Each structure stands twice: as C-alpha cells, then as structure tokens.
Amino acid sequence: MINIKKKDKVIVLSGKDKGKQGEVLQVFPEKSRVIVSKINFVKRHTKATQQDPAGIREKEAALHISKIMLVCPKCSQPTKPKYDFLSDGKKIRICKRCGEMIV
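Note that the structure is a prediction, hence the values are computed from the model and not measured.

About the thresholds
- Residues numbered from 1 in each chain as written.
- Predicted model: local features only at pLDDT ≥ 70, side-chain atom pairs only at ≥ 80, totals over all residues.
- Heavy atoms only, no water.
- Phe/Tyr/Trp six-rings, centres within 6.5 Å; stacked < 30°, edge-to-face > 60°.
- Lys NZ or Arg CZ within 6 Å of the ring centre and 35° of its normal.
- Core = buried A, V, L, I, M, F, W, Y, C linked by side-chain atoms within 4.5 Å.
- Buried < 20%, exposed > 50% of the residue type's maximum accessible area, 1.4 Å probe, protein only.
- Helix = DSSP H or I, 4+ residues; strand = E, 2+ residues; numbered from the N terminus.
- Pairing = 2+ DSSP bridges.

1. Description of the packing of aromatic side chains
For the structure on display, the rule yields zero aromatic pairs. Lying over the aromatic face of Y83, K91 brings its terminal NZ or CZ to 4.7 Å of the ring centre.

2. As for the nonpolar core
I4, V10, V34, V36, L63 and I68 are the most contacted members of the largest nonpolar core, which totals 14 residues. Every element with two or more residues in this core is listed here: strand 1 (9-12), strand 3 (33-36) and strand 7 (68-70).

3. As for the sheet that holds strand 10 (residues 101-102)
Strands in a sheet are paired, the pairing made by backbone hydrogen bonds, and the direction either parallel or antiparallel. What the three strands build is an open sheet, ordered 8-9-10; its pairing is antiparallel. Each of the sheet's edge strands pairs with one partner strand only, and the pair in question is strand 8 (82-85) and strand 10. Two strands pair when backbone bridges link them, and strand 8 and strand 9 (residues 91-94) are joined in this way by four bridges, in the antiparallel orientation. Each residue of the ladder has a partner; that of D84, found in strand 9, is I92.

Rendered as structure tokens:
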C-alpha cells in the first residue's frame, strides 16, 4: 500500500541523496516508485530536435517508495501515517507523532 501522494513533502532515507527533502512530483503505484523534486538527478544525452539543441540534460529519476518517508507538515518530522475515517466515511492520514491530519 502506498501512503505517499502527489505534492507530499518527503525525506530520502538511503542512497546518494540521504537526508534531503523534496516534494513528490509524480507517483507510479504499479512500479512502487515516485519522482521527487530536486532529488536523484541523472544525466541524459539528448539528440538535437527542431526545438532543442543537442546536449547533456539533467533530470529527476524515479526513486523506490521504500527509500522515502512522509514528512508531517505540522511537526516537520518523518512519520509513517496511520489511517482513520471521518464521520462521513472519508479515509484520512494522521501523523503518528503529533496526531494531526495530513492533507
């Protein structure tokens, strides 16, 4: 089960970018991977097109979901969220450290 959503703030737990924080740009649940802004840059050699010249471009590559952890917006601590249901039946994420809703 993936507890990370687009626009969540996350921290990297392992790898070359360990300890860095960023915002989730894209989630691939079928592959258990996410793309995080300004994390895990790779270089790509590109051919020239009519719009862009040839060159070496840097872009973010996907990270496995097990290498990142959600950061609570209220207490700014990494947390594994727990789930609860509102009175109208909507499922929400709650920080285990401070007890606040994660929107």
